[in-house]
Every structure is written in structure tokens, then in C-alpha cells.
Amino acid sequence: MGRLEGKTALVTGAAHGIGLATVHAMAREGAMVWAVDRDAKGLEALRDVPRVQVALLDVTDAAGITRLAGQVGSLGVLFNCAGYVHHGTVLDCTDAAWDTTMAINVKSMFWLIKAFLPGMLRARTGSIVNMSSMASSVKGATNRFAYSTSKAAVIGLTKSVAIDHIREGVRCNAICPGIVDTPSLKDRMSAMPDPEAATKAFIARQPTGRLARAEEIAPLVVYLASDEASFVTGAIYSIDGGITL
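The rules we used
- For every chain, the first residue of its written sequence is number 1, and the numbers climb from 1 along that sequence.
- Reporting of local features is limited, given that this is a predicted model, to residues whose pLDDT is at least 70; pairs of side-chain atoms are given and counted only at 80 or more, and all residues count toward the totals for whole chains, interfaces and linings.
- Think of the side-chain values as coming from all heavy atoms in the structure, minus any hydrogens and water.
- The buried label goes to any residue with under 20% of its type's maximum accessible area, the exposed label to any with over 50%, and the partly exposed label to all in between, with areas taken from a 1.4 Å probe on protein chains only.
- Labels follow the DSSP assignment, with helices taken as runs of H or I lasting at least four residues and strands as runs of E lasting at least two, numbered in each case from the N terminus.
- Pairing between strands requires that DSSP locate at least two bridges from one strand to the other.
- Crossover handedness is defined by viewing with both strands directed away from the observer: a clockwise path from the first strand over the helix to the second marks the crossover as right-handed.
- Interaxial angle, 0 to 180 degrees, is taken between N-to-C directions of lines fitted to C-alpha atoms, where a helix line uses only the stretch in contact.
- Whether two residues are in contact is decided by their heavy atoms: any pair within 4.5 Å suffices.
- For the purposes of this section, nonpolar cores are sets of buried Ala, Val, Leu, Ile, Met, Phe, Trp, Tyr and Cys residues that join through side-chain atoms within 4.5 Å.
- Every definition here rests on a 1 Å grid over the protein atoms only: cavities are sets of points where a 1.4 Å probe fits but cannot get out, pockets are open sets enclosed by protein on both sides within 12 Å along at least five of seven lines, and lining residues have some atom within 4 Å of a point.
- Grid points are joined across faces, edges and corners, and a volume is the space filled by probe spheres set on the points.
- Just so you know the grouping, Ala, Val, Leu, Ile, Met, Phe, Trp, Tyr, Cys and Pro go in nonpolar, Asp, Glu, Lys and Arg go in charged, and all remaining residues, Gly too, go in polar.

Enquirer: A description of the pairing of strand β6 (residues 170-177) should follow, citing residues and the corresponding values.
Expert: Each regular strand shows side chains that alternate between the opposite faces of the sheet. The buried fraction of β6 is high, at eight of eight residues. In β6, alternate side chains face the same way, and those of Val170, Cys172, Ala174 and Cys176 on one face and Arg171, Asn173, Ile175 and Pro177 on the other are all buried. Pairing analysis gives six bridges linking strand β5 (residues 126-131) to β6, with the strands arranged parallel. Residue Val129 lies in a different strand from β6, and its bridge partner there is Asn173. As a crossover connection, the stretch from β5 through helix α5 (residues 145-164) into β6 is right-handed. Note: β6 against strand β9 (residues 236-239), four bridges, orientation parallel. Its bridge partner lying in β9, Pro177 is registered against Ile239.

Right, dumping it as C-alpha cells:
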């Protein structure tokens, strides 16, 4: 029997990177997984995966989240993985960039938790896992002003949900990855004036001398989603290859 047998999970940002790796990991562990993303083409690869149901969702669409909650019903696990990385300092950040960052990285979690938490409370069980980052209140990161601010907010959100519902069977934790080799990172490096130099600079930041693979992050999410982590709530897990040492 898998560690998530009998649980229904929902993963946002499921078409690529950590979200995609986690969908596969959760399904292998026996969960019924709703894989949601705004990238319809990216979701196609998941349509034939056993125990996986796909759905289009823009996490900044409150009405869409409400409709999805009605379609999905009660969840045992919610993994808020969808995110956006803005590059720049406070002086580079426009109002539009700030609003986009906060909407995708923070407000979406507020809306999704608010939509699915009542069902968890009725069942008196549930695990919420939020994607934060080492670039947050954990560690400063250059040219990540809006992103780091949003991910610090995720840590506060996580602890607030955890303490408010600690006696009602619902747990809420956050993970803080280091630099992970994902399609999003590749796209951002490709957009830089010298992609090769950018790649070397990202790798140089990691004491391990390499980037993480998404498949190395997913097992931590599975653990936090499982009953093995039943005594874990309000925790902020760094999984960063030593970048915060």
C-alpha cells in the first residue's frame, strides 16, 4: 500500500517542474491526484497517467477556483505549487509586476486554502503544503525583491493556517527549495543576455556545485502529505543543497 492510498490530492502548477514531479510521485504512492495548471498543452502529458485527473486553472481566477472546488469536492492534500519569479530590485519593480507576483504567489494560496479547507475541517483531516523558497525570510537573494517578499508572506500564511487549525486535524507546512533545474528556470536563463554565463552563475550559488532536480523535491512534499508527518505542522523545510548554510 502506498503512503497516500485513499487520499485525494490537488497540485497547482502541475504541468512542469516540481509540480509535475510531485503529481507523478503522489500517484505512485496511491493518491488520486488532480493536476491543475493554466498550460493546457503541458497537462496533455498527464492525461493517460493512472490515478491522475487534469483540469485547467488559472490560480489568479477566484471564480475558477470556486468552480474547481465544486468539481473536485473534498481533498486530503493540497499542494500550492504554482509560482512566478520576478527578476529585479525594489527600483526595478513596477506596480504591475508587484501585483502579478503577489496574486500568483500569495493570493492564489489564500483563495485555494479558503476553498478546500472547509472540507478538510469537516473530515477533521488534511495536509496543506505551500511552496515558499530559500529566497524569502530565510535568506536574502539578489534581484529577487518582489519574489522574496511574496515567499516570505507564504511562510507567514503557512504558520497562521497551521496555528488556527492545529486542533482540528489539518496540518499546514511549507517547503523552501534552493535552485531547481526546471523549465521555468531554463526560460529565465535563456532570456538573459548571456545564457551560458547565467547558468554558471546559478550553479555557482549552490554549494553542492549543481542544481536540484524536481524529482529530489517531490519526495518531501509526499512525506508532508502523508500520515507519516501527522505530528508536523507549521514547519518550514529547507531543501536547498546547503545554500542557506
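Enquirer: How would you summarise the sheet that holds strand β3 (residues 52-56) if you had to cite specific residues and measurements?
Expert: Taken together, seven strands build an open sheet; the order of strands is β3-β2-β1-β4-β5-β6-β9 and the sheet is parallel. Among the strands making up the open sheet, the edge pair consists of β3 and β9. On average, each strand axis in the sheet is tilted by 20° relative to the strand beside it, whichever way the strands run. As paired strands, strand β1 (residues 8-12) and strand β2 (residues 32-37) are joined by five bridges and run parallel to one another. Looking at β2, one finds that Thr12 is bridged to Val36. This element, helix α1 (residues 17-28), spans β1, β2, β3, β4 (77-80), β5 and β6 of the sheet and lies at about 170° to β1. Helix α3 (residues 62-72) rests against β1, β2 and β3 of the sheet, and its axis sits at about 160° to β2.

Enquirer: Residues and numbers for the side chain of Ser148, please.
Expert: Structurally, Ser148 is set in helix α5. Beyond its immediate stretch of four places on either side in the chain, Ser148 contacts Ala135, Ser136 and Ala141.

Enquirer: Can you lay out the nonpolar core for me, pointing to particular residues and giving the numbers?
Expert: As a rule of thumb, nonpolar side chains are buried together in soluble globular proteins. Counting 38 residues, the largest nonpolar core has Met26, Val52, Phe79 and Ile175 as the members making the most contacts within it. Elements supplying a minimum of two residues to this core: β1, α1, β2, β3, β4, β5 and α8 (214-225). Among the elements that make up this core, the one with the highest residue count is α8 (eight residues). Setting aside residues up to four positions removed in sequence, Met26 forms contacts with Leu4, Ala9, Val11, Ala31, Val33, Val77, Phe79, Val221, Val222 and Ala225. The next biggest cluster of nonpolar side chains, apart from the first, holds 29 residues, and it includes Val72, Ile113, Val154 and Ala162.

Enquirer: Please set out the layout of surface pockets residue by residue, giving values where relevant.
Expert: There is about 1000 Å³ of room inside the largest pocket. Taken together, 38 residues make up the lining of the largest pocket; nearest its centre are Gly83, Tyr84, Val85, Thr182 and Ser184. Residue assignment for the lining of the largest pocket shows that the elements contributing at least two residues are α1, α5, α6 (183-190) and α7 (195-205). Considering every element that reaches the lining of the largest pocket, the biggest residue donor is α6, with five residues. Broken down by class, the residue content of the lining of the largest pocket amounts to 19 nonpolar, 10 polar and nine charged.

Enquirer: How would you summarise the side chain of Thr158 if you had to cite specific residues and measurements?
Expert: Within the element layout of this structure, Thr158 appears in helix α5. Apart from the residues lying within four places of it in its own chain, the contact partners of Thr158 are Asn130, Cys172, Asn173, Ala174 and Ile236.

Coordinates in, geometry out; function isn't part of it.
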